[in-house]
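# Observations on the model geometry
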Amino acid sequence: MKKVIIDCDPGHDDALAILLAAKHLDVLGITTVAGNQTLDKVTDNALKVVEFAGLTHIPVAKGMGHPLIRPPRHVPEVHGETGLDGPDLPAPTTPLDPRHAVDFIIETVMSTEDVILVPIGPLTNIATALRREPRIAGRIQEISLMGGSLTYGNSTPAAEFNIYVDPEAAHIVFTSGVPIRMCGLNVTRQVPATEVEIERIRGLGTRTSAIVAESLDFYRDTLKRVFGLRGGSLHDPCAVAALIDLSAVPAQAGPTLIEFEPMHVAVELKGEHTYGMTVCDCRHLRGRGQVSTSDGGVWRGEPPNAEVAVDIDKDRLIDLLIDTLAKYP
Amino acid sequence: MRKFLIDTDTASDDAVAILMALRSPDVSVEAITIVAGNMPVEQGAKNAGYTVDLCDAGVPVHIGLDKPLLREHVNAEFFHGPDGMGGMNYPDPQRPPESRHAVDVLIDIVRANPGEITLVTLGPLSNIATALLKAPDIAQSVEECYVMGGAANVIGNITPSAEYNIWCDPEAARIVFHSGMPIMMVGWEHCIGDSLLLEEDIQRMRALGTPYADFTLDCNRSALAACRDWLGLPGLSLPDPVCMAVALNRDVSTHDEPKYVDVETTSELTHGETVVDRFGVLEKEPNIEVCFAVDSEKFKRMLFDLVS
């Protein structure tokens, strides 16, 4: 089973990512980072999630409360004042792991083979860990992240929130040499959390499904109210789903859930209109199906440093999420 | 008769776009203005002039800015060949370029034909920006300006996120995009995919046997090779003719919407990117109509009709 650390800022969709990961992957720990809300709030939320889902065996470590350079940004207009508005969850009593998230990541990676990091918030913890202990770059099997976009952004026309919040950290991660899988907004925004999906979840009739449905009610309603969208998008579960071996999930057998293409990704740190953007060089894909670059063709720019998601089977991802939620009491 | 003004850095695909306008029976091309881009202006003027001669059109050619507003000029010989015309070395045009500067001619023609001029820009926007700075009133007098340039987010050719025309002179593009002129941006992405001239299209065009069809293919020899070797495309991309097709018949665009669009000018990595606020996250008033999809079959049909 793949061993992962989920680095997150819960967050409605983060909560779902945790629930998805816990049933398909070996979750070594959950680390928190300021993003959707303040560090204290998202850390509380991470503990609430492991408590209501019966996952308190997974250690939760608190991380960086401030981006490397830029001022913090949170999105109460998306995730509410608590960062996980909706269900009224009791204050958590589970203790935090005593270590700082950065130390937790470093110690886990240095002591365990083949750890995969799954950052689904700003990349502050991961970047700090890479700088604090550069040897982890050679030991991390892979980073599967939710962030950036091959096309449009949501914080600005060009930039997606997780990268926009801490682009310098993202730059450190994308230049680290660690194999990266990037699920950007271009695919994650396709995964809907509208009434249809929420009612399917509620219909499971379990305690967990009731909490998840109630949290997604809030998420969908705010996005509808504030942004005029049909509903929310389930961004973060994509980075987890990308790691799940679906051949081991009988009902989900089929071709790839998320399709990736190798690209060079640079993080824009300067542009007036583009700062925080993941500049994906997909020029070699223009002749797709006609000209192969995998066998020594010419790359136009820098060689690829990431596998970037270009397509997603959103219906199957929703099915996978719902089948997984059904496993919870 | 619709009145067109064409501003161009004439190399091979520009020449085909010019030919399309010159051969359109309901269009009168009032002038062709030349800007530095694919080619230095002298060569661009020769290429435009030869195209005018080929169509026996007698349209005046005026030379404009010989470099971008702020940046060094970077031409596209590597793409279009040393003469910009696939190394065909066509003869000099029958008449040399006119003596008047392109910027002044642009202003005069628009002012003399208020509300009647369709401006089609096929190169960097240096001439248009300069004209708009000198005579801001023309922004409101142009009927519509069709810009071949840029792309909706993160589709580039010269860099990962920037298209050549805008990349060449992003400051000019910024001036033009914020001038208040009615603009339709027909980005680079529309000349790839289904709009590419594939081998079968090329053979079909060759079989037409007209001088216009031969010219279209001959002058694009280098471009075709560059499309294959440099862009990795399975056929010939014709960005300027696609834009001209939309200008000639707006129905060639099957999806366009007014959007807020800005041009990145400050960053080394992304300068020249046209940042399209597709989902309205900035909540700003739209300033550009962005073409999001074209009818490739309609484009090809129009091209074939006009070279027949």
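First, a word on what this report is: a plain description of the structure on this page. (Residues numbered from 1 in each chain as written. Chains lettered and ligands numbered in written order. Predicted model: local features only at pLDDT ≥ 70, side-chain atom pairs only at ≥ 80, totals over all residues. Heavy atoms only, no water.)

## Some thoughts on the interface of chain B and chain A
Taken residue by residue, the interface counts 36 residues in chain B and 29 residues in chain A. Both faces combined, the contact of chain B with chain A buries some 2500 Å², and carbon together with sulfur accounts for 60% of it. By the criterion of area lost to chain A, the three top residues of chain B are Val-154, Pro-160 and Leu-269 of chain B, representing 21% of everything that side buries. Our count for the chain B to chain A interface comes out at one salt bridge. Here Arg-174 of chain B ties to Glu-272 of chain A by a salt bridge, and the two come within 3.0 Å at their closest N and O atoms. Our count for the contact surface shared by chain B and chain A stands at twelve residue pairs in polar contact (both at pLDDT 80 or more). Elements with a minimum of two residues in the side of chain B that touches chain A: β8 (261-263) and β9 (274-276) of chain B. (Contact = heavy atoms within 4.5 Å. Buried area = accessible area lost by both parts, 1.4 Å probe. Salt bridge = Lys/Arg side-chain N within 4 Å of Asp/Glu carboxyl O. Polar contact = N/O pair within 3.5 Å; in protein donor to acceptor, adjacent residues only side chain to side chain. Helix = DSSP H or I, 4+ residues; strand = E, 2+ residues; numbered from the N terminus.)

## Describing the sheet that holds strand β6 (residues 180-183) of chain A
Through backbone hydrogen bonds, the strands of a sheet pair up, either in parallel or in antiparallel fashion. All names here are of chain A. Strand order in the open sheet made by the nine strands is β3-β2-β1-β4-β5-β6-β11-β9-β10, with mixed pairing throughout. Looking at the sheet topology across the chains shown, the edges are occupied by β3 (60-62) and β10 (278-281). Pairs of neighbouring strands in the sheet enclose a mean axial angle of 30 degrees, with direction left out of account. By the bridge criterion, six bridges tie strand β9 (residues 258-267) to strand β11 (residues 306-312) in an arrangement that is antiparallel. Bridge pairing in β11 places Glu-259 opposite Asp-311. The sheet contacts of helix α4 (residues 101-111) involve β1 (3-8), β2 (26-32), β3 and β4 (115-119), and relative to β2 the element is tilted by about 155 degrees. (Pairing = 2+ DSSP bridges. Axes fitted to C-alpha atoms, helices over the stretch in contact; angles between N-to-C directions.)

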